[in-house]
Amino acid sequence: QVQLVESGGGLVRPGGSLRLSCAASRDIFSIYTMGWYRQAPGKQRGLVATITSGSGEITTYTDSVKDRFTISRDNAKNTVYLQMNNLKPEDTAVYYCNANRKTTILNTNYWGQGTQVTVSS
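The structure displayed is predicted, hence computed values, not measured ones.

Draft legend 1. Spotlight on the pattern of salt bridges. This model, assessed by the stated rule, comprises 4 salt bridges. Between Glu-57 and Arg-73 there is a salt bridge, and its shortest N-O distance comes to 3.7 Å. Here Glu-57 is found in the loop between strand E5 (46-51) and strand E6 (59-61), whereas its partner Arg-73 is found in strand E7 (residues 69-74), with 16 residues between them in sequence. The salt bridge involving Arg-68 is made with Asp-91; its shortest N-O contact spans 2.8 Å. One end of the pair, Arg-68, is in the loop between E6 and E7; the other, Asp-91, is in the loop between strand E8 (79-84) and strand E9 (93-102), and 23 residues separate them in sequence.

Draft legend 2. Spatial organisation of the pairing of strand E4 (residues 33-39). Here E4 pairs with E9 via 7 bridges, running antiparallel. Residue Gly-35 lies in a different strand from E9, and its bridge partner there is Asn-98. Relative to E5, E4 is paired through 5 bridges, and the arrangement is antiparallel. If you follow Trp-36 over to E5, its bridge partner there is Ala-49. Turn length for the E4-E5 hairpin, with the two strands adjacent in sequence and antiparallel, is 6 residues, and the turn residue Gly-42 shows positive phi of about 75°.

Draft legend 3. Main features of the state of the cysteines. All told, the structure shown has 1 disulfide when counted by the stated rule. A disulfide bridge connects Cys-22 with Cys-97, and the sulfur atoms are separated by 2.1 Å. For the disulfide bridge between Cys-22 and Cys-97, the dihedral angle about the S-S bond is near -80°, and by the sign convention the bridge is left-handed. Of the two residues, Cys-22 sits in strand E3 (residues 18-24) while Cys-97 sits in strand E9, which places them 75 residues apart along the sequence.

About the cut-offs
- Residues numbered from 1 in each chain as written.
- Predicted model: local features only at pLDDT ≥ 70, side-chain atom pairs only at ≥ 80, totals over all residues.
- Heavy atoms only, no water.
- Salt bridge = Lys/Arg side-chain N within 4 Å of Asp/Glu carboxyl O.
- Helix = DSSP H or I, 4+ residues; strand = E, 2+ residues; numbered from the N terminus.
- Pairing = 2+ DSSP bridges.
- Disulfide = S-S within 2.5 Å.

Below, the structure written as structure tokens:
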């Protein structure tokens, strides 16, 4: 089992910044792709950004956050981050951390409890 604990959400004005953190209960970054998802009221949960496992650290972003958000990880701290700049009201959502590992026979997912991000003037 893996526990993921998010932190760093809050209320911010449009154009502001926040950094979300997700601490994993053990060292999983060598085999799990880490990601951030978000869910706004009345909408489905959607992918925001991912960072691959191991040394490659390939990142992907949904189009709406490219050039504004950055996903990164600190292997020594078992923590993945989401730096969010130039926030917009449409970024308002509950943000969830995800750990995913796919093999030929299994697709394993772990989720954090979520952290609220509200962008409003």
